[in-house]
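So you can see what is in the structure, the chains are spelled out below.
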Amino acid sequence: MKLKVCGLSSKIEVETCVSLNVNYCGFILNYPKSHRYISFNKAAKLTNINKKKTKYVGVLVDPTEKELINFSKLNLDYFQLYGNFDSYKLLKIKEKFKKQIISSIQVRKKEDIDKYKLIENNSDIILWDSSGYEESLSWDYNWIRPIAIKVEKMVAGNISIDMLNNLKGLADIIDVSGALETNKVKDIIKIKNFITEFKKINHAN
C-alpha cells in the first residue's frame, strides 16, 4: 500500500511527511469551509518545499475553470477532484493542465461505489471517500474490496491507526487526515506514529 497524508497546512508538516517518504501530500485549495483549507500563497510556499519522491496533490471541490488555471501554476503532480465529472471532462482537464487526476467518489450508500465506471477511463487514481467534505465520516470500506479496476484504488473517510491491518489488501492507497490531528490541527507526533505503524503493517508478511 501507499500512503497519502491530506490537509497539510504548515512547513513542518510537509517536511515531516517528505522526510518519512510519504507517497502523497494533499493540500485543500478551494474549500474554505474546511479547517484544513490554505490560501493560494501558502499553497505556493508549501508546494515549493523539496518533495523528493513524494507527490503533491491539490484537492479541489467543484473547481471553476479560473481556479483550475490558477492552481495549475502550483508545483502539483495531481488534481484531486470532487464534483460532477465524467471521463470527457477529466480528459480535457488532463490535456489542458498537464496534471494527473485523482477522481473522488463520495460514498453515502453501497450503490455509490459503482460511480467509478463513469470516470475510470481518464482517472489515474479512483478515491472512494466519505460524504462529508470537511468532516471525516466512516463507511463500509469492504464495499470496494471486490472491485477490479485499471487504475489504483484509494480509500479515505475517518481512517484511524487501529484500522490499518484491516485495510491491507483492500486498496492501493490509504488517505488519512483527521486521525493525525489534535483539536483540528495536525499533530507531528501523531503523523510520525501513524507513518511508523503504516510501514510496519505494510511490510509485514
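None of the values given here were measured: they were computed from a predicted structure.

Caption draft 1: Structural detail: helix 2 (residues 40-47). All of the buried residues in helix 2 are A43, L46 and T47. For helix 2, the buried positions fall inside an angular range of 90° around the axis, keeping them on one side. Exposed and oriented more than 90 degrees from the buried face of helix 2 are N41 and K45. Contacts from the buried residues of helix 2 go to helix 1 (11-19), strand 2 (24-28) and strand 3 (55-61).

Caption draft 2: Region of interest: the side chain of K186. Locating K186 in the fold gives a position in strand 10 (residues 185-186). Within the structure, the side chain of K186 is placed 3.1 Å from the backbone oxygen of C6, a separation counted as a polar contact. A distance of 3.5 Å separates a polar side-chain atom of K186 from the backbone oxygen of G7. Contacts of K186, omitting those with residues within four sequence positions, involve C6, G7, L8, E13, R36, S177, L180, E181 and I191.

Caption draft 3: Region of interest: the environment of S9. Structurally, the position occupied by S9 is in the loop between strand 1 (2-5) and helix 1. Not counting residues within four places of it along the chain, the set of residues in contact with S9 comprises I38, K42 and L46.

Caption draft 4: View of the pairing of strand 4 (residues 78-82). In terms of burial, strand 4 is a largely internal element, five of the five residues being buried. Crossover handedness for the path strand 3 to helix 3 (residues 65-71) to strand 4: right-handed. Where strand 4 and strand 5 (residues 100-107) come together, four bridges link them in parallel fashion. In the strand pairing of strand 5, Y78 is matched with Q100.

Caption draft 5: Seen up close, the layout of surface pockets. Reported here for the second largest pocket is a volume of approximately 280 Å³. Taken together, 14 residues line the second largest pocket, and the ones lying closest to its centre are G83, N84, S104, I105 and K115. For the lining of the second largest pocket, the secondary structure elements donating two or more residues are strand 4 and strand 5. Residue contributions to the lining of the second largest pocket peak at four residues, all from strand 5. A per-class count over the lining of the second largest pocket returns seven nonpolar, five polar and two charged.

Calculation notes
Residues numbered from 1 in each chain as written. Predicted model: local features only at pLDDT ≥ 70, side-chain atom pairs only at ≥ 80, totals over all residues. Heavy atoms only, no water. Buried < 20%, exposed > 50% of the residue type's maximum accessible area, 1.4 Å probe, protein only. Helix = DSSP H or I, 4+ residues; strand = E, 2+ residues; numbered from the N terminus. Arc of directions from axis to C-beta. Contact = heavy atoms within 4.5 Å. Polar contact = N/O pair within 3.5 Å; in protein donor to acceptor, adjacent residues only side chain to side chain. Right-handed = clockwise from strand over helix to strand, strands pointing away. Pairing = 2+ DSSP bridges. 1 Å grid on protein atoms, 1.4 Å probe; cavity = no way out; pocket = protein on both sides within 12 Å on 5 of 7 lines; lining within 4 Å. Points joined across faces, edges and corners; volume = space filled by probe spheres on them. Nonpolar A, V, L, I, M, F, W, Y, C, P; charged D, E, K, R; others polar.

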